[in-house]
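Reading the structure
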Amino acid sequence: MATRKSAPHFLKQLYASRHHLNPTRSVTYMPRPGDGTPRGVTLIPGDGIGPLVTGAVEQVMEAMHAPVYFEKFEVHGDMKAVPGEVLESIRKNKVCLKGGLETPMGGGVSSLNVQLRKELDLYASLVNCFNLPGLTTRHDNVDIVVIRENTEGEYAGLEHEVVPGVVESLKVITKFCSERIAKYAFEYAYLNNRKKVTAVHKANIMKLADGLFLESCREIATKYPGIKYNEIIVDNCCMQLVSKPEQFDVMVTPNLYGNLVANTAAGIAGGTGVMPGGNVGADHAVFEQGASAGNVGKEKVVRQKKANPVALLLSSAMMLRHLRFPAFADRLETAVKRVILEGKHRTKDLGGTSTTQEVVDAVIDALN
């Protein structure tokens, strides 16, 4: 009777290295490449500079012959709610690209941005702040990904007037949402070959709320032993960001802190006009300019048509990669970076005098 030969020694070592050195990590699922079928994307031009920069994306996508088509809807920040047909479109397409929506100050009018995140459970906000070659900034070697919890905390808008002249604003932190965002941050770091995750908090003061967030991050960190984990208090974090930003890699934060940290990081790496980002959930994703400061823009910029389209172009490259069109994403990113490096076509915020259309034309030329 034939006997089965034992595996060679080196095969046993290989098997052991793959299956026993890190028993807590499951095998990463590798998605199939896209089949090239054009995908529908819900497009919300938004307010202020929104129509200018989303129009830029439309032109570049057409020039690339990218396999996407847009379903465009007029939504504005002064509306009481996101129209039902818009939500229906996003739920159908699962992907949305949007310009900035103006959020009225005070007056009890809720933010449509927050409504979108709640309705679609877009629990993770991701902003990538990095140096672009050719763009002079105060710091070099900046490549920070800020991942912020998007559904609870101060931005949930749970406010009420207790008695005239006294308003109570609630900050709610849950273990479920904290663990979910921590897992997203560590999984992002693992899949993108990042080395460190930093949790940002104020648990020295808010010992229960931010303490629960930290506890959740620590628990998830134990499941990713190959990724370094550390913690930093939010005020010290802001100081460290503007003095030594290269120490940060991936940062995971509760809702409010993440907005502050992302805008600070964007400021030291070239400004909000060049930082891509998106809001993602289990089923849907909304891509937009990464950092919110100046997201709608000044009236003068709109009137002169000199809004910077780079952030949304890079966000649309993230969208293409999300849709499994990596070749188109790489081509778009390369073209944008080439235009920035050459330095001939830049908007005012980047030290130039170009209009939005001149930057778009330069990007389209760089595609060829």
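Residues numbered from 1 in each chain as written. Predicted model: local features only at pLDDT ≥ 70, side-chain atom pairs only at ≥ 80, totals over all residues. Heavy atoms only, no water.

**Some words on the pattern of salt bridges**
- All chains considered together, the criterion is met by 16 salt bridges.
- A salt bridge links Glu-219 to Lys-175; its shortest N-O distance comes to 3.1 Å. With a gap of 44 residues between them, Glu-219 in helix H6 (residues 209-221) and Lys-175 in helix H5 (residues 175-191) connect regions that are remote in the sequence.
- The class for Lys-175 is partly exposed, based on a relative accessible area of 31%.
- Here Arg-218 and Glu-231 are joined by a salt bridge, their closest N and O atoms 2.6 Å apart. Pair noted here: Arg-218 is in helix H6 and Glu-231 is in strand S9 (residues 228-233), with a separation of 13 residues, a long-range link. (Salt bridge = Lys/Arg side-chain N within 4 Å of Asp/Glu carboxyl O. Helix = DSSP H or I, 4+ residues; strand = E, 2+ residues; numbered from the N terminus. Buried < 20%, exposed > 50% of the residue type's maximum accessible area, 1.4 Å probe, protein only.)

**Digging into the nonpolar core**
- In this structure, Met-251, Leu-320 and Val-363 are the most contacted members of the largest nonpolar core, which totals 87 residues.
- For Leu-320, the contacting residues outside a window of four places in its chain are Met-61, Met-64, Ala-66, Val-68, Phe-325, Pro-326, Phe-328, Ala-329 and Leu-332.
- Counting residues in hydrophobic clusters, the runner-up holds 14 residues, among them Val-75, Leu-112, Leu-120 and Leu-122. (Core = buried A, V, L, I, M, F, W, Y, C linked by side-chain atoms within 4.5 Å. Contact = heavy atoms within 4.5 Å.)

**Here's the deal with H6**
- Compared with the 18 Å implied by 1.5 Å per residue over 13 residues, the 19 Å span of H6 between its first and last C-alpha is a close match.
- Among the residues making up H6, those that are buried are Ala-209, Asp-210, Gly-211, Phe-213, Leu-214, Ser-216, Cys-217, Ile-220 and Ala-221.
- Looking at the buried side of H6, the elements it contacts are H5, strand S8 (196-201), S9, strand S10 (250-253) and helix H8 (255-268). (Expected span 1.5 Å × (residues − 1).)

**Comments concerning the packing of H5 against H6**
- Close contact between H5 and H6 brings their axes to 8 Å; oriented N to C, the two are set at 45 degrees. Relative to H6, the element H5 lies oblique. In this structure, the crossing between H5 and H6 has a hand that is right-handed. Between H5 and H6, the contacting residues are Lys-175, Ser-178, Glu-179, Ile-181, Ala-182, Lys-183 and Phe-186 on the first element and Leu-212, Phe-213, Glu-215, Ser-216, Cys-217, Glu-219, Ile-220 and Ala-221 on the second.
- Partitioning the contact of H5 with H6 into residue classes produces 8 nonpolar, 2 polar and 5 charged. (Axes fitted to C-alpha atoms, helices over the stretch in contact; angles between N-to-C directions. Parallel < 35°, antiparallel > 145°, perpendicular 65-115°, else oblique. Left-handed = near helix turned anticlockwise from the far one by under 90°. Nonpolar A, V, L, I, M, F, W, Y, C, P; charged D, E, K, R; others polar.)

**Observations regarding the packing of helix H2 (residues 50-64) against helix H12 (residues 356-367)**
- One way to put it is that H2 packs onto H12 with a least axis distance of 10 Å and a crossing angle of 20 degrees. One finds that H2 runs roughly parallel with respect to H12. The interaxial crossing formed by H2 with H12 has right-handed handedness. Every residue of H12 that contacts H2 at Leu-52, Ala-56, Gln-59, Val-60, Ala-63 and Met-64 is listed here: Thr-356, Gln-357, Val-360, Val-363, Ile-364 and Leu-367.
- Looking at the contact of H2 with H12 residue by residue, the classes come out as 9 nonpolar, 3 polar and no charged.

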